Amino acid sequence: MAGANIKSGIATDTYAKERYWLLLPSWAVLLIFIVVPVAIMMVYSFLTKEFRGGVIWEFSMAAYDQFFFDRGLFGDEPAKIEWTYLNIYWRSIWQAGLATIFSLAIGFPTAYFIATRDAKVRPIWVFLITIPYWVNLLIRTVSMKFLLRDNGPLNSFLQMLEVIEEPLHIINTNLAVQLGLFYSYLPFMVLPIYAAIERYNFSLSEAAADLYASKWQTLRYVILPTVKPGVIAGCILVFVPSMGAFLAPDLLGGAKNFMIGSLIEEQFKGNAGNWPFGAAASMILLTMVLIILMVFSRQQSKAQEA
Amino acid sequence: MATKNFDLRSYKGFRFLTILCLVILYAPLVIVTIYSFNDSKSITIWEGFSFRWYIDMFSGPESAKFKLAAWNSFVIAIAAATIATTIATLSATSLVRGGMFRTRTLSLGLISLPLMVPEIVTAVATLIFFNTIGFDRGLLTIVIAHIVFCIPFAYLPIAARMQGIEDSYEQAAQDLYASKFQTFTKILMPLMMPGIISGFLLAFIVSLDDFIITNFVKGAGVETLPTAIFGSVKQGIKPNIMAISTALLAVSVMFVTLSYFVSKSEQKD
């Protein structure tokens, strides 16, 4: 036990005998309160809805049927594809995608800039980028709403500069939601890209320059391919939470810019909801996210092998 | 900050975009902070500096509601962070000091699971779970739900810290006939303390910040600060909300800064 085999990789084995006992609390808590609940949620998505919220324990495909098929008002017409919910999912993907592109456009240069600072000041820059992430997401979204209002500070500022005459209507538009999502998750884009660029060997850039590559060619053909895993990680960290976001679409988008989060939330609010349908919508979102994460982890392990 | 870089490394416009990035990140927060000191009932017109809305926070018409919500948030965050940090410390001891074993990777995956499942899905699943087992929703259900997503946040700094501690100290203690328990409490724990404090602080903020999961698992009538703020903002942003938000913002920034310096101070010795 003690004394033997001191340095075996990252882990040492002082507590090898007790390792399962030490893990027991986390296994118990996480199995009971997240794994089991997700399993029950899956079961719920195949149950019959009860009208006052909740379920009747009878197998039914009604939730998924309602999601994908339109059978007319009385349910007796031939099934057509139901576009309402698919459109909401499609809009969520689209909005999350645009927010990801905005974040990448500003996050990459920021990460690059920070990674090329003096090693002593880098942690300070990183700390500055992380602080806003730890500020309450609700407060950040409310702040964004305050800023973007028709007669809010942004519009008064632009009017003062005489850039615009009439206030811009940004709130309750798609743009407001994209800005909100972008603002919510921007630090997630910067950090993994920063970590990748920090490990980048700049003699590669010198080699490229010696071979007459322009600086932008070097960026495009040398730096970007090398730090690609970091870029993909950043995109996923922004895209995935954006897709299921609730606060930004709800507070900044208004009723017209419904996203997955609001659709799910509505199913569990008061007595009007439909729990099996909400569970099914959650399952579909979870499946999408897990597929993205699986493809990503496969790519990462491939990149590590190469 | 006057560092000289190779010209080769720097790209035109990147400095500007970095500044822009910081402006975007901070501008909304700074503006709300400024307007929280506005001596006006309107949120649009600036009528001079005052602490009016901070006084209102303690004695205004809505103060009772928000004070109770703040107390609930505080109690929940302390309970959830304490339990999550304890669980995370034990897990880290097993995963960093337990040698290599078959379920190690699986355990790491399980601990990071709350970070991978979208928050709204966790919220739905937890609500359905408590409903199925017939558990009345209230403070306790919120604490349980918070413990789950606090575990990974507490785990990361603790495990990182423990990986940096050589096990020769433990070996020495055991050679001198210290029991494993004594080795843990007298040697490992004090060395890990910065990581544990940092983990606790992060778990505390994450719990304090949560809205979506709390909104699902809270019972009728139980409010935390974020759910109370959300309910109020639904009817429009009011100046008292800006003062409350600024206060909460200050608490978060304070805790993160504290956590940063705690984890940094120990690197020197």
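Please read these numbers as outputs of a predicted model, since none were measured by experiment. (Residues numbered from 1 in each chain as written. Chains lettered and ligands numbered in written order. Predicted model: local features only at pLDDT ≥ 70, side-chain atom pairs only at ≥ 80, totals over all residues. Heavy atoms only, no water.)

1. Quick look at the overall build of chain B
Part 1: Secondary structure assignment for chain B yields 11 helices and zero strands.
Part 2: Taking the principal axes of the C-alpha coordinates as reference, chain B spans close to 70 × 65 × 30 Å.
Part 3: Counting all 269 residues of chain B, 54% fall into the buried class.
Part 4: Residue pairs in contact within chain B that sit at least 24 positions apart in sequence constitute 71% of those at least 6 positions apart.
Part 5: Carbon and sulfur atoms make up 68% of the accessible area of chain B, which amounts to about 12100 Å² in all. (Helix = DSSP H or I, 4+ residues; strand = E, 2+ residues; numbered from the N terminus. Buried < 20%, exposed > 50% of the residue type's maximum accessible area, 1.4 Å probe, protein only. Contact = heavy atoms within 4.5 Å. Areas by Shrake-Rupley, 256 points an atom, 1.4 Å probe, with all protein chains shown as cover.)

2. What to know about the overall build of chain A
Part 1: A count of helices and strands for chain A gives 12 helices and four strands.
Part 2: Taking 306 residues into account, the globule formula puts the C-alpha radius of gyration at 19 Å, and chain A, at 25 Å, lies well above it.
Part 3: Along the three orthogonal principal directions, the C-alpha set of chain A runs to about 75 × 70 × 35 Å.
Part 4: Classification of the 306 residues of chain A by burial places 51% in the buried group.
Part 5: Roughly 15000 Å² of accessible area belongs to chain A as shown, and the carbon and sulfur atoms make up 66% of that amount.
Part 6: One finds the centroid of the 22 positive side-chain charges in chain A at a distance of 8 Å from the centroid of its 21 negative side-chain charges. (Rg over C-alpha atoms; globule rule 2.2 N^0.38 Å. Lys, Arg positive; Asp, Glu negative; His and termini not counted. Charge placed at Lys NZ, Arg CZ, Asp CG, Glu CD.)

3. Things to note about the pattern of salt bridges
Residues and elements named next belong to chain B.
Part 1: Counting across every chain of the model gives 10 salt bridges over all chains.
Part 2: Across the pair Arg52 and Asp39 runs a salt bridge whose closest N-O atoms are separated by 3.5 Å. Placement of Arg52 in helix α2 (residues 52-59) and of Asp39 in the loop between α1 (14-35) and α2 is noted, with a sequence separation of 13 residues between them.
Part 3: Between Lys218 and Glu223 there is a salt bridge; the shortest N-O distance is 3.6 Å.
Part 4: The network of salt bridges with shared partners includes Glu62, Lys65 and Lys238. (Salt bridge = Lys/Arg side-chain N within 4 Å of Asp/Glu carboxyl O.)

4. Considering the environment of Ala245 of chain A
All names here are of chain A.
Part 1: Assignment of secondary structure puts Ala245 in the loop between α9 (215-243) and α10 (247-253).
Part 2: Among the residues examined, Ala245 registers a relative accessible area of 5% and is labelled buried.
Part 3: Each C-alpha atom of the pair Ala245 and Phe74 lies 33 Å from the other, and the pair is 171 residues apart in sequence.
Part 4: Here Ala245 is in contact with Leu181, Tyr185 and Gly261, once residues within four sequence places are set aside.

5. A word on the side chain of Gln174 of chain B
Part 1: When you line up the elements, Gln174 of chain B lands in helix α7 (residues 168-175).
Part 2: Separated by 3.5 Å, the side chains of Gln174 of chain B and Thr183 of chain B make a polar contact. (Polar contact = N/O pair within 3.5 Å; in protein donor to acceptor, adjacent residues only side chain to side chain.)

6. Looking at the confidence of the model for chain B
The predicted structure's coordinates, where accompanied by low pLDDT, should not be read in detail.
All names here are of chain B.
Part 1: For chain B, per-residue confidence averages 87 on the pLDDT scale, and residues scoring 70 or more make up 96% of the total.
Part 2: Taken element by element, chain B is modelled with least confidence in helix α11 (residues 239-268), mean pLDDT 82, and with most confidence in helix α5 (residues 119-132), mean pLDDT 94.
Part 3: Here residues 1-5 is a poorly scored stretch, pLDDT under 50, and it has five contacts once near neighbours within four places are set aside; other chains count. (pLDDT = per-residue confidence, 0-100.)

7. Focus: the interface of chain B and chain A
Part 1: Taken together, the contact between chain B and chain A spans 100 residues of the former and 96 residues of the latter.
Part 2: Summed over both partners, the interface of chain B with chain A buries about 9400 Å², with 76% contributed by carbon and sulfur atoms.
Part 3: Connecting chain B to chain A are two salt bridges.
Part 4: Across the salt bridge formed by Glu18 of chain A and Lys180 of chain B, the nearest N and O atoms sit 3.3 Å from each other.
Part 5: Top contributing element to the side of chain B that touches chain A by residue count: α1 of chain B, with 15 residues.
Part 6: Of the residues assigned to the side of chain B that touches chain A, the class counts are 64 nonpolar, 24 polar and 12 charged. (Buried area = accessible area lost by both parts, 1.4 Å probe. Nonpolar A, V, L, I, M, F, W, Y, C, P; charged D, E, K, R; others polar.)

8. Concerning the domain arrangement of chain A
All names here are of chain A.
Part 1: What the domain assignment reports for chain A is domain 1 (42-81 + 274-306) and domain 2 (92-261).
Part 2: Distance from the C-alpha centre of domain 1 to the C-alpha centre of domain 2: 30 Å.
Part 3: The interface of domain 1 with domain 2 comprises nine residues on the first partner and 10 residues on the second.
Part 4: A combined buried area of about 800 Å² lies between domain 1 and domain 2, and 88% of that area is made up of carbon and sulfur atoms.
Part 5: Sorting the residues of domain 1 by area buried against domain 2 places Leu285, Ile292 and Phe296 first, and these three jointly supply 48% of that buried surface.
Part 6: Counting the contacts that link domain 1 with domain 2 gives zero salt bridges.
Part 7: Tallied by class, residues from the side of domain 1 that touches domain 2 come to seven nonpolar, two polar and no charged. (Domains from an automatic or database assignment.)

9. Observations concerning helix α8 (residues 180-209) of chain B
Part 1: Compared with an ideal rise of 1.5 Å per residue, which puts 30 residues at 44 Å, α8 of chain B spans 37 Å between its outermost C-alpha atoms and falls more than 12% short.
Part 2: Its axis deflected by about 60° at Met193 of chain B, α8 of chain B carries its strongest bend there, up to four residues before the proline Pro194 of chain B. (Expected span 1.5 Å × (residues − 1). Bend = angle between axes of the 7 residues up to and from the residue.)

10. Here's the deal with the environment of Glu166 of chain B
Residues and elements named next belong to chain B.
Part 1: For Glu166, the location among the structural elements is in the loop between α6 (139-163) and α7.
Part 2: Using a relative accessible area of 46% as the deciding quantity, one classes Glu166 as partly exposed.
Part 3: The sequence separation of Glu166 and Phe51 amounts to 115 residues, and the corresponding C-alpha distance is 52 Å.

11. Some details on the nonpolar core
Part 1: Core analysis: the biggest nonpolar cluster contains 182 residues, and Met41 and Leu285 of chain A together with Ile128 and Ile229 of chain B have the highest contact counts within it.
Part 2: At 15 residues, the largest contribution of residues to this core is made by α6 of chain B.
Part 3: No fewer than three residues from each of domain 1 (42-81 + 274-306) and domain 2 (92-261) of chain A sit in this core. (Core = buried A, V, L, I, M, F, W, Y, C linked by side-chain atoms within 4.5 Å.)

12. Digging into unusual backbone geometry
Part 1: Phi at Asn172 of chain A takes a positive value of approximately 65°, unusual for a residue other than glycine.
Part 2: The backbone of Tyr177 of chain B sits at a positive phi, close to 65°, despite the residue not being glycine.

13. Describing the packing of α6 of chain B against α8 of chain B
The description of two helices packed together rests on the angle between their axes and the distance between the axes.
Residues and elements named next belong to chain B.
Part 1: With their axes 8 Å apart at the nearest point, α6 and α8 run at an angle of 155° to one another. Between α6 and α8, the crossing angle belongs to the class labelled roughly antiparallel. Pair α6 / α8 crosses with right-handed handedness. Across the interface between the two elements, His146, Phe149, Cys150, Phe153, Ala154, Pro157, Ile158, Arg161 and Met162 from α6 touch Leu191, Met192, Pro194, Gly195, Ile196, Ser198, Gly199, Leu202, Ala203, Val206 and Ser207 from α8.
Part 2: The class makeup of the residues in the contact of α6 with α8 is 14 nonpolar, five polar and one charged. (Axes fitted to C-alpha atoms, helices over the stretch in contact; angles between N-to-C directions. Parallel < 35°, antiparallel > 145°, perpendicular 65-115°, else oblique. Left-handed = near helix turned anticlockwise from the far one by under 90°.)

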